[in-house]
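Structural description and commentary
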Amino acid sequence: MGHTRRYYKNKKRNKTKNKHIRFKHNLAIENKKQDLNFHKEFVLNLSKRDITETEFKVIAKGLKFVPTNKCNHRQLIKDFQSFERSLRLKYYFGTNVRIATKNHPFKIKSNFQVPIIGDNSIEKYIFYTKYELSKYMPTIKYNMSKSERECIKKLKIDNTICIHKADKNNTTVIQNKRDYLTEGESQLNDGIHYTKIINIDIENTRKIVNKLVYRMKENDEIDEMSFKFLRETSKPTSFLRFTNLVRKH
């Protein structure tokens, strides 16, 4: 009699336990569906690629999302050297130096390196901070799962698609690369907003600009700092990048 009562009691307990497990499982599936639908609101897929759930989740984070990477110790030291130079400059010139209320619009950034001056609190701070940074081993807390990080690598090497921002809202567009290039060429060749330059002679244009700059300097039309800036920046520069935004209505 006792064994029978215990059997039915355990059976009832297991039935209740299985009911709770099924409820949690169904709830997890429902939450996953809602989560996927939420991410799909921020992604517009115009390509032929079948986007997985993980890819939707990654792309929906936006193009400005920065994944957590391993600590770049070399970059850390480089950043501290920039901070170190700033400290030495303030100490070297002191607080009695007259600072201009308005900087010159064509001021070129100086590369002046302050020499190490004696034994002072600034140098001690720099020395001990460098020593601590040399032993610094931070613990990495990733803001993405392993599957999401692998997904980013796969999307990065896929040359058949182009991922970019739409013209409005926070929507990220996935488009076939061929369609993207075709749309860009049609906008460049519409004859309304863009004009095709037949002959591009950057070197000759640079020489003409240099002549004008030197002539202005000889006629005292520009000061020395403006002359240096225009002379330095008159070198050939890279072309602007054309960006094609998809219209989302």
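Residues numbered from 1 in each chain as written. Predicted model: local features only at pLDDT ≥ 70, side-chain atom pairs only at ≥ 80, totals over all residues. Heavy atoms only, no water.

Let's talk about the packing of helix H3 (residues 73-93) against helix H4 (residues 121-134)
Rules: Throughout, an axis means a line fitted to C-alpha atoms (over the contacting stretch in the case of helices), and angles, computed between N-to-C directions, take values from 0 to 180 degrees. Note on conventions: DSSP H or I runs of at least 4 residues are helices, E runs of at least 2 residues are strands, and numbering of each starts at the N terminus. Roughly parallel means an angle under 35 degrees; roughly antiparallel, over 145; roughly perpendicular, 65 to 115; everything else is oblique. The contact criterion used throughout is that any non-hydrogen atoms of two residues lie within 4.5 Å. Throughout, the ten residues Ala, Val, Leu, Ile, Met, Phe, Trp, Tyr, Cys and Pro are labelled nonpolar, Asp, Glu, Lys and Arg are labelled charged, and all others, Gly among them, are labelled polar.
Taken N-terminus to C-terminus, the directions of H3 and H4 make an angle of 175°; their axes are 11 Å apart at the nearest point. Between H3 and H4, the angle falls in the class roughly antiparallel. Note on element contacts: H4 touches H3 through Ile122, Glu123, Tyr125, Ile126, Thr129, Lys130, Leu133 and Ser134, opposite His73, Leu76, Ile77, Phe80, Phe83, Glu84, Leu87, Arg88 and Tyr91. Of the residues contributing to the contact of H3 with H4, the split by class is 10 nonpolar, three polar and four charged.

Here's the deal with the packing of aromatic side chains
Heads up, the rule is: When two rings of Phe, Tyr or Trp (its six-membered ring) have centres within 6.5 Å they constitute a pair, described as stacked for plane angles under 30 degrees, edge-to-face for angles over 60, and tilted for the intermediate range. Only protein chains enter the accessibility calculation, which uses a 1.4 Å probe. A residue is then buried if its area is under 20% of the maximum for its type, exposed if over 50%, and partly exposed in between. A positively charged side chain is recorded as over a ring if its NZ (Lys) or CZ (Arg) lies within 6 Å of the ring centre. The angle to the ring normal must also be within 35 degrees.
Under the counting rule described, the total for this entry stands at four aromatic pairs. For the ring pair phenylalanine 38 and phenylalanine 42, a centre distance of 5.3 Å and an interplane angle of 70° mean the geometry is edge-to-face. Assessed through its relative accessible area of 45%, phenylalanine 38 is described here as partly exposed. Exposure remark for phenylalanine 42: the relative accessible area of 26% places this residue in the partly exposed category. Sitting above the plane of the phenylalanine 65 ring, lysine 61 keeps its charged end 5.1 Å from the centroid.

Details of the sheet that holds strand S3 (residues 172-176)
Note the cut-off: Between any two strands, pairing holds if DSSP finds at least two bridges.
Read across the open sheet, the three strands follow the order S1-S3-S2; overall the sheet is mixed. Of all strands in the sheet, those with a lone pairing partner are strand S1 (43-45) and strand S2 (161-165), marking the two edges. Recorded for the sheet is a direction-independent mean angle of 20° between the axes of neighbouring strands. In terms of strand pairing, S1 meets S3 through three bridges, oriented parallel. For valine 43, the partnering residue across the bridge sits in S3 and is threonine 172. Lying on the sheet, helix H6 (residues 177-188) is in contact with S2 and S3; it crosses S3 at an angle near 95°.

Comments concerning the pairing of S2
In the sheet, S2 pairs with S3 via five bridges, with the strands oriented antiparallel. Bridged to cysteine 162 within S3 is glutamine 175. Between the end of S2 and the start of S3, which pair antiparallel, lie six residues, with asparagine 169 showing a positive phi angle near 65°.

As for a nonpolar patch on the surface
Where we set the bar: Exposure above 30% relative accessible area and the lack of any salt bridge qualify a residue for a patch; like charges then connect within 9 Å, and the nonpolar side chains Val, Leu, Ile, Met, Phe, Trp and Tyr within 5 Å. The Shrake-Rupley method, run with a 1.4 Å probe sphere, supplies the accessible areas, and residue values consider only the shown protein chains as cover. Only one rule defines a salt bridge in this text: a Lys or Arg side-chain nitrogen within 4 Å of an Asp or Glu carboxyl oxygen.
Nonpolar side chains collect at one region of the surface, where Tyr92, Phe93 and Phe112 lie side by side and expose about 280 Å² of accessible area between them. Among the secondary structure elements, tyrosine 92 is positioned in helix H3.

A short note on the nonpolar core
The following threshold applies: In this description, a nonpolar core means a group of buried Ala, Val, Leu, Ile, Met, Phe, Trp, Tyr and Cys residues linked to one another through side-chain atoms lying within 4.5 Å.
Counting 12 residues, the largest nonpolar core consists of Leu36, Val43, Ile51, Phe56, Val58, Ile59, Ala60, Met144, Cys151, Leu155, Ile161 and Ile174. Sorting the residues of this core by element identifies helix H2 (53-59) and helix H5 (146-157) as the ones contributing at least two each. The element that contributes the greatest number of residues to this core is H2, accounting for three residues. With residues near it in sequence (within four places) discarded, methionine 144 still touches Val58, Lys61, Phe65, Pro67, Arg149 and Ile152.

Considering the pairing of S3
Most of S3 sits inside the fold, with five of its five residues counted as buried. Taking every second residue as pointing to the same face, both faces of S3 are buried, with Thr172, Ile174 and Asn176 on one and Val173 and Gln175 on the other.

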